[in-house]
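As a plain string of letters, each chain reads:
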Amino acid sequence: MHYQYVYAHFCVFDPCDYPENESLSQQARSNSIQNFKYGFDDIFLTVLIERMEDNQDIFTKIIDDPEFGDAVKAWMLKKVYDRLKEKPQAS
């Protein structure tokens with residue numbers, strides 16, 4: 001799987017973007033990755049749609065190819081979860 005292609009050409013889920021979402025950050029700090037996945041799934045779809053115009057080809061590939069889309073989502077789930085888990089809690 002060419003995740004770096006997805007990341008470089010679509011940059012839909014830059015883990016640096018997610019620390020700004022305090023709710024998602026709190027979910028990462030409070031839950032296992034399996035439970036965090038439920039909150040992430042909603043955000044994933046929202047961000048994917050918001051950035052659809054940035055790269056229609058990769059958006060179509062993620063939506064039309066379930067195996068590819070699931071792999072991208074699983075890869076980003078781990079990256080975002082790890083990044084948010086490391087983030088110090090806001091005071």
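Below: a short report on this structure. Bear in mind the structure is a predicted one, so any value in this text is a computation, not a measurement.

Considerations on helix H2 (residues 22-30)
One full turn of an α-helix is made of 3.6 residues, so residues set three or four places apart face in the same direction.
Phase 1: All of the buried residues along H2 are Leu 24, Ser 25, Ala 28 and Arg 29. Buried residues in H2, looked at end-on, bunch into an arc of 135°, giving them a common side.
Phase 2: Lining the buried residues of H2 we find helix H3 (33-50) and helix H5 (66-86).

Let's talk about the packing of helix H4 (residues 56-64) against H5
Phase 1: Between H4 and H5, whose axes approach to 5 Å, the crossing angle comes to 105°. The pairing of H4 with H5 is recorded here as roughly perpendicular in orientation. Across the interface between the two elements, Ile 58, Lys 61, Ile 62 and Asp 64 from H4 touch Pro 66, Phe 68, Gly 69 and Val 72 from H5.
Phase 2: Its residues assigned to classes, the contact of H4 with H5 comprises five nonpolar, one polar and two charged.

Rules behind the numbers
- Residues numbered from 1 in each chain as written.
- Predicted model: local features only at pLDDT ≥ 70, side-chain atom pairs only at ≥ 80, totals over all residues.
- Heavy atoms only, no water.
- Buried < 20%, exposed > 50% of the residue type's maximum accessible area, 1.4 Å probe, protein only.
- Helix = DSSP H or I, 4+ residues; strand = E, 2+ residues; numbered from the N terminus.
- Arc of directions from axis to C-beta.
- Contact = heavy atoms within 4.5 Å.
- Axes fitted to C-alpha atoms, helices over the stretch in contact; angles between N-to-C directions.
- Parallel < 35°, antiparallel > 145°, perpendicular 65-115°, else oblique.
- Nonpolar A, V, L, I, M, F, W, Y, C, P; charged D, E, K, R; others polar.

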